[in-house]
Amino acid sequence: MAFRLLTLGELRLVDLSGNAVAFSEKGLIILAYLFVHPQRAQSRTALSKLLWDVVEPTQAYTNMRKSLSRIDSRQQELGHQFIEITASDVKLNVEAIKCDAEGLQAPPHSDALIDLRALVGLFSHVFLENIDSTGAALSAWIEQRRAQHLSRLREALISAIPIAKSAQDIALVKDAALRIFQHDPDDEMIVSLLAETYSTEGKVETFRNIYDGRKQKLWGNLTLSPDVHALNVVKKVFEKQRSLFPAPKNGLGDALTASTQNGLKRPIPRLVLLPPAESPAGSQPLFPLANALIEDVTIALCALTSVSVVAPYTAAQIGRHSDKANTIAQHSISYVLDTRHSGRGAQSSLFVQLVYFANDEVIWADRYDMDNDSLAVQRRQIARRITMAITGEIERNELAREYFEQSPVAYHHYLLGQRHLKNLGLPDIRRARKEFRSALNHAPYFAPALSGIARTYSREWLITARGDAQLLKAAEKHANKAIAAGQDMVGGYRELGVAKMLLGGIDESVEALELAETLSPHYADVAADYADTLVHASKPGLALEKIEKAIELNPMSPDVYLWTAAGANYCLEEYEQALSYIERMADRGLANRLSAASWAMIGDQKRAKSFVRKARETNPDFDVDTWLTAVPFKEQWQKDHYRDGLRKAGF
């Protein structure tokens, strides 16, 4: 065999010595395609559609004929016939050439570790890595092959895990997992495996760096452009701040336990793990094990120096206290792991979420099956997973908090503003804006306060219903400043998404909020805002999924969540369900117009008119057409549907 086709990485034809052999790119792609085709043959017509799908079929077939003619001439020059060309088909001559991708198609070896080792060796590059395809058909085929290769490696990894015992075998498993993670960082099984591996090795910091590297790669692909001048100013300010507040050199432990930093005390954050609430006797047979699991995690965390853990007895007392929030505040607790046990028997599960108490931000959440048959065996493993997740998230969160603590006064005003924003009334919105501005007086480039101001403007636009575009322009401006001031913080992207949506830039809004959700996948408020944008993007079904996720993460939901859920249900013509969400709101008056429209669509005109009167009391100048002109909906049916309900109600 004199020639070999290399497809994993740069597409090349080489001889036995590894020297490159000149061959047309289209010819190489045809060879690669035939190698992975089950019959090792394909019709000229199908190949022409694959390679030239952007031109007319007759032109594509002409291009195919010319390419095959050049391939045939080159084969004659080399004295080897790689493919046989007939009037209708093209067939691979498997005796004349070999391909590196054949190893990815071979049946699994009886020894899973040998199989995995061979695949890892092949997986240093992806299939046809440097091909710049301009056609959708070729691009789709390449992506399909890459996905199949990744699936093959994943299957081999799963088979090898149970028999990997030696240090060399475990290193191979980790190497394979890292290669999969590089191409599919959202694979939960792979992320969990890597988390456990690095935790066992005591290399939490290494895993955090890998995770952060993924975020950096994500930011590098952004199409959203914050204000360049603001970004340059912020960089200069931050360079000055870094000279005054140098970052710790020895990791989180030193950062958190340092007694002073330019006169600023750095207390170790306190964490409480609240056991699941007790249920009626006999209704949750696995409750004692769930309780013991949380106690097990608590004890494991007590060995750490980067976080102070509240003892299980006190945690249980806090969990039973009628006013948990004040009790948590009195004990200076920074983080709360809240747990809920749900389901029965084989369907039982434990939901956990880690909350940063200062602003009720959910920074991590997960659900674990409480299978009766395997829980006792898996208890330690589940405890280790939760432990790893908690320590990793607190570590990342605390490193971000260093930024906050450079100006404690600004942070104090920011937290006051956040508290006012929990209410949707106009006076509270303006009080919040005042606090955020006070924060900026102490720290002009404090990103969270900039995000907060952006939110007050978009909220005011919604509440006043006057269609004042200047409010939204102000929101967009402050959101861009927030992105420039803190690119690793989710707030700016979140507020930009909201502002863009209200300004009518639905696609830009979806892009910004999708990014925000990627950066902070368990942040309930981001999921809620994403849901609202999806309603306006005329995707109410997907919006309902997002808002239900937000409600699950934040079960004592603020009114804005319920309002969004009601709006999504209205669009889906689930009017009773819409009204049930409104009924759960603390201030139902905010949704008077939606209530009126829903009752009208049900056919209860009396109730519809009562809500019209209530809406007129707070906003006597409300005009349906003016409002609907200002509110963006991607598709006209949605605007017509809302107008129909409001008109039937009597607006």
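The structure we're discussing is the one just above.
Thresholds applied
Residues numbered from 1 in each chain as written. Predicted model: local features only at pLDDT ≥ 70, side-chain atom pairs only at ≥ 80, totals over all residues. Heavy atoms only, no water. Pairing = 2+ DSSP bridges. Helix = DSSP H or I, 4+ residues; strand = E, 2+ residues; numbered from the N terminus. Expected span 1.5 Å × (residues − 1). Buried < 20%, exposed > 50% of the residue type's maximum accessible area, 1.4 Å probe, protein only. Salt bridge = Lys/Arg side-chain N within 4 Å of Asp/Glu carboxyl O. Contact = heavy atoms within 4.5 Å. Axes fitted to C-alpha atoms, helices over the stretch in contact; angles between N-to-C directions. Patch = residues over 30% accessible without salt bridge, like charges linked within 9 Å, V, L, I, M, F, W, Y side chains within 5 Å. Areas by Shrake-Rupley, 256 points an atom, 1.4 Å probe, with all protein chains shown as cover. Lys, Arg positive; Asp, Glu negative; His and termini not counted. Charge placed at Lys NZ, Arg CZ, Asp CG, Glu CD. Polar contact = N/O pair within 3.5 Å; in protein donor to acceptor, adjacent residues only side chain to side chain. Phe/Tyr/Trp six-rings, centres within 6.5 Å; stacked < 30°, edge-to-face > 60°. Lys NZ or Arg CZ within 6 Å of the ring centre and 35° of its normal. Core = buried A, V, L, I, M, F, W, Y, C linked by side-chain atoms within 4.5 Å.

Q: Go over the sheet that holds strand 7 (residues 270-273) with me, naming the residues and quoting the values.
A: Within the open sheet, the five strands sit side by side as 8-7-9-10-11. Their pairing is mixed. Of all strands in the sheet, those bounded by a partner on one side alone are strand 8 (308-309) and strand 11 (361-369). As paired elements, strand 7 and strand 9 (residues 335-342) share three bridges and run parallel to each other. Residue Val 272 lies in a different strand from strand 9, and its bridge partner there is Val 336.

Q: Requested: an account of helix 1 (residues 25-36), with residues and values cited.
A: For helix 1, spanning twelve residues, the distance from its first C-alpha to its last is 17 Å, which sits close to the expected 16 Å at 1.5 Å a residue. The buried fraction of helix 1 amounts to ten of the twelve residues, a majority that puts the element mostly inside the structure. Within helix 1 the residues assigned to the buried category are Gly 27, Leu 28, Ile 29, Ile 30, Leu 31, Ala 32, Tyr 33, Leu 34, Phe 35 and Val 36.

Q: Could you give an account of the pattern of salt bridges, with specific residues and numbers?
A: This model, assessed by the stated rule, comprises 23 salt bridges. Where Glu 495 meets Arg 455, a salt bridge forms, and the shortest distance between an N and an O atom there is 2.8 Å. Placement of the pair is Glu 495 in helix 20 (residues 490-502) and Arg 455 in helix 18 (residues 447-464), with a sequence separation of 40 residues. Exposure class is identical for Glu 495 and Arg 455. Each is buried. For the salt bridge of Arg 494 with Glu 495, the shortest nitrogen-to-oxygen distance reads 3.9 Å. Both residues of the pair, Arg 494 and Glu 495, belong to the buried class. What you see here is one network of salt bridges that share partners, running through Arg 455, Arg 494, Glu 495, Asp 525 and Asp 529.

Q: So what about the sheet that holds strand 2 (residues 12-15)? Which residues, and what values?
A: Across the sheet, three strands lie side by side as 2-1-6; this open sheet has mixed pairing. In this open sheet, the two edge strands, each paired with only one partner strand, are strand 2 and strand 6 (98-99). Alignment of strand 1 (residues 3-6) against strand 2, held across four bridges, turns out to be antiparallel. Along strand 2, the bridge assignment pairs Arg 4 with Val 14. This element, helix 1, spans strand 1, strand 2 and strand 6 of the sheet and lies at about 90° to strand 1.

Q: Tell me about a positive patch on the surface, and please be specific about residues and values.
A: Taken together, the side chains of Arg 588, Lys 609, Arg 613 and Lys 614 make up a positively charged region of the molecular surface. Relative to the helices and strands, Arg 613 resides in helix 27 (residues 605-618). Assessed through its relative accessible area of 53%, Arg 613 is described here as exposed.

Q: Explain the side chain of Asn 93 to me, and be specific about the residues and the numbers.
A: Position of Asn 93 among the secondary structure elements: in the loop between strand 5 (89-92) and strand 6. In terms of polar contacts, Asn 93 uses its side chain to reach the backbone carbonyl oxygen of Gln 81, at 3.0 Å. Apart from the residues lying within four places of it in its own chain, the contact partners of Asn 93 are Gln 81, Phe 82 and Ile 83.

Q: So what's going on with the pairing of strand 10 (residues 349-356)? Residues and values would help.
A: Judged by how many residues are buried, strand 10 sits mostly within the fold: eight of eight residues are covered. Side chains Ser 349, Phe 351, Gln 353 and Val 355 project from strand 10 onto one buried face, and the interleaved Leu 350, Val 352, Leu 354 and Tyr 356 project onto a second face that is buried too. For strand 9 and strand 10, the ladder comprises eight bridges, and the chain directions are antiparallel. Each residue of the ladder has a partner; that of Val 336, found in strand 10, is Val 355. Bridge count between strand 10 and strand 11: eight bridges; the pairing is antiparallel.

Q: Can you explain the packing of aromatic side chains? Please cite residues and give values.
A: Tallied over the entire structure, the rule returns eleven aromatic pairs. Between the aromatic rings of Phe 3 and Phe 82, the centroid separation amounts to 5.3 Å while the plane-to-plane angle is 80°, which identifies the pairing as edge-to-face. Pair noted here: Phe 3 is in strand 1 and Phe 82 is in the loop between helix 3 (57-78) and strand 4 (83-85), with a separation of 79 residues, a long-range link. Comparing Phe 3 with Phe 82 shows no difference in burial state: the two are buried. With centroids separated by 6.0 Å and ring planes inclined at 35°, the aromatic side chains of Tyr 414 and Phe 436 adopt a geometry described as tilted. Here Phe 436 lies in helix 17 (residues 426-442) and Tyr 414 lies in helix 16 (residues 408-421), a separation of 22 residues in the sequence. Residue Tyr 414 shares its accessibility class with Phe 436, and that shared class is buried. A network of ring pairs unites the aromatic residues Phe 3, Phe 23 and Phe 82 as a single cluster. Positioned above the aromatic ring of Tyr 457, the side-chain terminus of Arg 433 is 4.1 Å from the ring centre. Just above the ring of Trp 627 sits the side chain of Arg 593; from NZ or CZ to the centre is 5.2 Å.

Q: Any details on unusual backbone geometry? Residues and values, ideally.
A: Unusually for a residue other than glycine, Arg 40 sits at a positive phi of about 55°. If you trace the backbone, Arg 40 turns up in the loop between helix 1 and strand 3 (41-43). In this structure, Ser 538 is a non-glycine residue whose phi angle is positive, near 65°. Mapped onto the secondary structure, Ser 538 falls in the loop between helix 22 (524-536) and helix 23 (540-553). The exposure class assigned to Ser 538 is buried, which follows from its relative accessible area of 11%.

Q: Kindly report on the nonpolar core, identifying the contributing residues and their values.
A: A general feature of soluble globular proteins is that nonpolar side chains tend to end up buried together. The biggest cluster of nonpolar side chains holds 96 residues, and the ones touching the most others in it are Phe 446, Ile 547, Tyr 642 and Phe 651. Not counting chain neighbours up to four residues away, the residues in contact with Phe 651 comprise Arg 593, Ala 596, Val 612, Ala 615, Arg 616, Phe 622, Val 624 and Leu 646. The next biggest cluster of nonpolar side chains, apart from the first, holds 60 residues, and it includes Ile 83, Leu 104, Leu 150 and Ala 176.

Q: Explain helix 7 (residues 167-183) to me, using residue names and the numbers behind them.
A: The first and last C-alpha atoms of helix 7 sit 25 Å apart over 17 residues, in line with the 24 Å expected at 1.5 Å per residue. Among the residues of helix 7, those classed as buried are Asp 169, Leu 172, Val 173, Lys 174, Ala 176, Ala 177, Arg 179, Ile 180 and Phe 181.

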